[in-house]
Amino acid sequence: MDIVSTKAVRKYSFLAKTSFASKIAYPLDVISRTFFFALVLFIFTQLWGALLGADSSIAGFSRQQLVWYLMATESIMLSNARIERRIEDDVKSGAVAYILIRPLHFVWYQCAIYFGESASSLIFNILIGSIIATLLVGVPPISVGFLPLILVVMTLAFLLQFLIKIFLALLAFWVEDTGPFFWIYSKVLFTLGGLFVPIDIYPEWLRRVTVAMPFNYILYQPARLFVNFNLAAFVQVLGIQAMWSVLLTALVLYIYKQGVKKVSVNGG
Amino acid sequence: MSTAAKQLRFVVEQLRVNILSNMEYRISFLVQMVFMVLNDVMLLFFWWVIFQRFDNIAGWGQKDIFLLYALSAGTYGIAYTIFGNALRLSSLIVEGQLDYYLALPKDVWLNVLISKSLASTIGDFVFGVGMCLAIFGFSYKVLLAIVFMMVASLILISAATIVHSLSFFMGNAEQIAAVFSESMLSFSLYPISVFSLSVRALLYTAIPAAFISFVPVSLLQEFSFGLFSLFLGVAVFGIWLSRRVFYAGLKRYESGNLVAPRM
């Protein structure tokens, strides 16, 4: 298949690299993002401090681990490139037709851009977040040797995130405004993804519902492995992430194929 | 008619026009409002989860926290429904877009702030009042809560205007204003007792978030004339200071010579 050939890999990697570079060209918005990040971590450090004593824990998480957990989930959340508006505009304006005539697949073209933009933000956010979290609660016992494995899980988390987002954005072929879908999705991530607290703290019935869905594999699972690595859990998470990725890829490609049939371009 | 009564009539009339212009796109207006209410309800999810495990957080029960959210949302709702332009004051200053207001025979400070309403913030107000009704039922406390929201909204707008007015003195203060707004909002959504003493001191002074939610909630739980006087005093002082800073800055204002139609 075209997308797995070396030439295709080189092509899409170049796109990702260009997006990476363009994202770091604007350092000004970095200031407010850093402040926001520091503010959230600071408030939660104080909150967990008021709730938990120095050596007590909740659902197996100490105060220090909870702060680092939040650092990881927020890093993923804040780094997630906002490609949805652009995709929706391309679909609605018919600009998608110009990508159709290029030697690129629309979905993987967007994927490369998404990964390029998200990666630059993620590196920055993890770096800043780690400094802030270290200043607030110190360094947790993270095994550095496992970090490459966590990176794999994080990459798949971003892939899942991309697939869900492009699926929602492609609905613009049928509906006028996909904004509400993204709004609902952001709330779903906030609740079922486990943005602020690990889902182990949720009531049992809700935890079961959450585990059965793909959203916790975007935030909760990578963050949990980051603060408390376990090889068996890693293998399991990786397997389920891969399964959701395959399912969602098939769904996205199907939706895209159906949607493209609806494109009609009137001149240029 | 006294000056105060005239100003109040002007505010009410402008608010009516702003709401009517928002309602021109009725469906979009309603959707934005409903989504804001849902957004506020979803924010309670975190606390609901926490209260499944803990009875109280630094002395605050679930009802107290929900009341904190109600007061905070209601205050933001009133503030930005009436003074919706406060959020973009620094960009108006930097881009030299105050000319329009300078040419009108109205108080510039007031006219700039009230000439826009944010449709979605009405949803915040609806949520705030709805939560108060859910907590207190049909009690006089709901009316009291609305009065407190109004007073707190004056403090919020005064503080925001002061920070935005920094653009008169130091060039573009948009980033500072954004950071300030974010801090005010974030701190007003958590019980003040979880913070250290130095942070609490900050929340009564430089970032007066305590007056947005904590003080009104305390007053609703146990009314005290002393605290209420302080609350009112801070609002009056805030408006006075905000106007002083704004007009001092206005003397340094440079027009953008922008020629644009106002629709």
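Below or above, wherever it landed, is the structure these notes cover. (Residues numbered from 1 in each chain as written. Chains lettered and ligands numbered in written order. Predicted model: local features only at pLDDT ≥ 70, side-chain atom pairs only at ≥ 80, totals over all residues. Heavy atoms only, no water.)

**Some thoughts on the overall build of chain A**
Quick reminder of the rule: Helix and strand labels come from DSSP, where a helix needs a run of H or I of at least four residues and a strand needs a run of E of at least two; each type is numbered from the N terminus. Just to be clear, the radius of gyration here is over C-alpha atoms, and the globule rule we use is 2.2 Å times residues to the power 0.38. For each residue, the accessible area found with a 1.4 Å probe, counting protein chains only, is set against the maximum for its type, and the residue is called buried under 20%, exposed over 50%, and partly exposed in between.
The helix and strand tally for chain A stands at 11 helices and two strands. In chain A, the succession of helices and strands from N to C terminus is α-α-β-β-α-α-α-α-α-α-α-α-α. On C-alpha atoms alone, chain A measures out to a radius of gyration of 20 Å, which is about the 18 Å that the 2.2 N^0.38 rule sets for 268 residues. If you line up chain A on its principal axes, its C-alpha atoms span 70 × 40 × 35 Å. Here chain A holds 268 residues, and 50% of them are scored as buried.

**Here's the deal with the overall build of chain B**
Threshold: Every residue pair with non-hydrogen atoms within 4.5 Å of one another is taken to be in contact.
Each helix and strand counted, chain B has 12 helices and zero strands in total. Traced from its N-terminal end to its C-terminal end, chain B shows the element sequence α-α-α-α-α-α-α-α-α-α-α-α. What you see for chain B is a C-alpha radius of gyration of 19 Å, in line with the 18 Å of a compact globule of 263 residues. Overall, chain B is about 60 × 45 × 40 Å in size when its C-alpha atoms are taken along their principal axes. Considering only contacts in chain B between residues 6 or more positions apart, those separated by 24 or more positions represent 76%.

**A look at the side chain of B:T81**
Residues and elements named next belong to chain B. The test is simple: Side-chain atoms alone can form a polar contact between residues adjacent in sequence; in general such a contact is a pair of N or O atoms within 3.5 Å, and within protein one must be able to donate a hydrogen while the other accepts it.
Residue placement: T81 occurs in helix 3 (residues 62-82). Here the side chain of T81 touches T121 through a polar contact of 3.1 Å, side chain to side chain. Leave out the neighbours within four places in its chain, and T81 touches L15, K116, S117, L118, T121 and I122.

**Here's the deal with the pattern of salt bridges**
Oppositely charged side chains may form a pair once their charged atoms are brought near each other. Residues and elements named next belong to chain A. As a reminder of what qualifies: Salt bridges are counted wherever a side-chain nitrogen of Lys or Arg sits within 4 Å of a carboxyl oxygen of Asp or Glu.
One pass over the structure, following the stated rule, counts seven salt bridges over all chains. E84 is the salt-bridge partner of K165, the closest N and O atoms lying 3.0 Å from each other. On the criterion of sequence distance, the pair formed by K165 in helix 7 (residues 147-170) and E84 in helix 4 (residues 84-93) is long-range, its members being 81 residues apart. Accessibility assignment for this pair places K165 and E84 in one class, buried. In this structure, E117 engages R86 in a salt bridge whose closest nitrogen and oxygen atoms are separated by 3.6 Å. Here the residue E117 occupies a position in helix 6 (residues 106-137), and R86 occupies one in helix 4, the gap between them amounting to 31 residues. Take E117: its relative accessible area is 12%, and that puts it in the buried class. The network of salt bridges with common partners includes E204, R207 and R208.

**Let's talk about the interface of chain A and chain B**
Note the following rule: A 1.4 Å probe defines the accessible area here, and the buried area is the portion of it lost by two parts on being joined, summed over both.
Across the contact, 30 residues belong to chain A and 28 residues belong to chain B. Roughly 2,600 Å² is buried in total at the junction of chain A and chain B, and carbon and sulfur atoms are behind 82% of that figure. Per-residue buried area on chain A facing chain B is highest for A:I43, A:L51 and A:W183; these three make up 21% of the total on that side. On inspection of chain A and its partner chain B, the count reaches zero salt bridges. Applying the counting criterion to the chain A and chain B interface returns four residue pairs in polar contact (both at pLDDT 80 or more).

**Focus on helix 1 (residues 3-22) of chain B**
All names here are of chain B. Note the following rule: One less than the number of residues in a helix, times 1.5 Å, gives the span that helix is expected to have. As used here, the arc is the angular range of directions from the helix axis to the C-beta atoms.
The first and last C-alpha atoms of helix 1 sit 28 Å apart over 20 residues, in line with the 28 Å expected at 1.5 Å per residue. What helix 1 keeps buried is the set F10, V11, Q14, N18 and N22. The buried residues of helix 1 occupy an angular sector of 100° when the element is viewed end-on, so they sit on one face. Opposite its buried face, helix 1 presents the exposed residues K6, L8, R9 and V12, each directed more than 90 degrees away. Where helix 1 is buried, its residues touch helix 2 (26-53), helix 3 and helix 6 (108-114).

**Digging into a nonpolar patch on the surface**
Residue and element names in this part refer to chain A. Selection criterion: Without a salt bridge and with relative accessible area above 30%, a residue can belong to a patch; like charges are then joined within 9 Å and nonpolar side chains (Val, Leu, Ile, Met, Phe, Trp, Tyr) within 5 Å. Here the accessible surface of atoms and residues is derived via Shrake-Rupley with a 1.4 Å probe, and residues count as covered only by protein chains that are part of the display.
Taken together, the side chains of L127, I131 and L135 make up a nonpolar region of the molecular surface, amounting to roughly 350 Å² of accessible area. With respect to the element layout, L127 can be found in helix 6. When its relative accessible area of 55% is taken as the criterion, L127 is described as exposed.

**Remarks on unusual backbone geometry**
Residues other than glycine seldom take positive phi values, yet A:A59 does so here, at roughly 50°. Here A:A59 lies in the loop between strand 1 (57-58) and strand 2 (61-62). Not every positive phi belongs to a glycine, and B:A58 is a case in point at roughly 45°. Among the structural elements, B:A58 can be located in the loop between helix 2 and helix 3. You can call B:A58 partly exposed: its relative accessible area is 31%.

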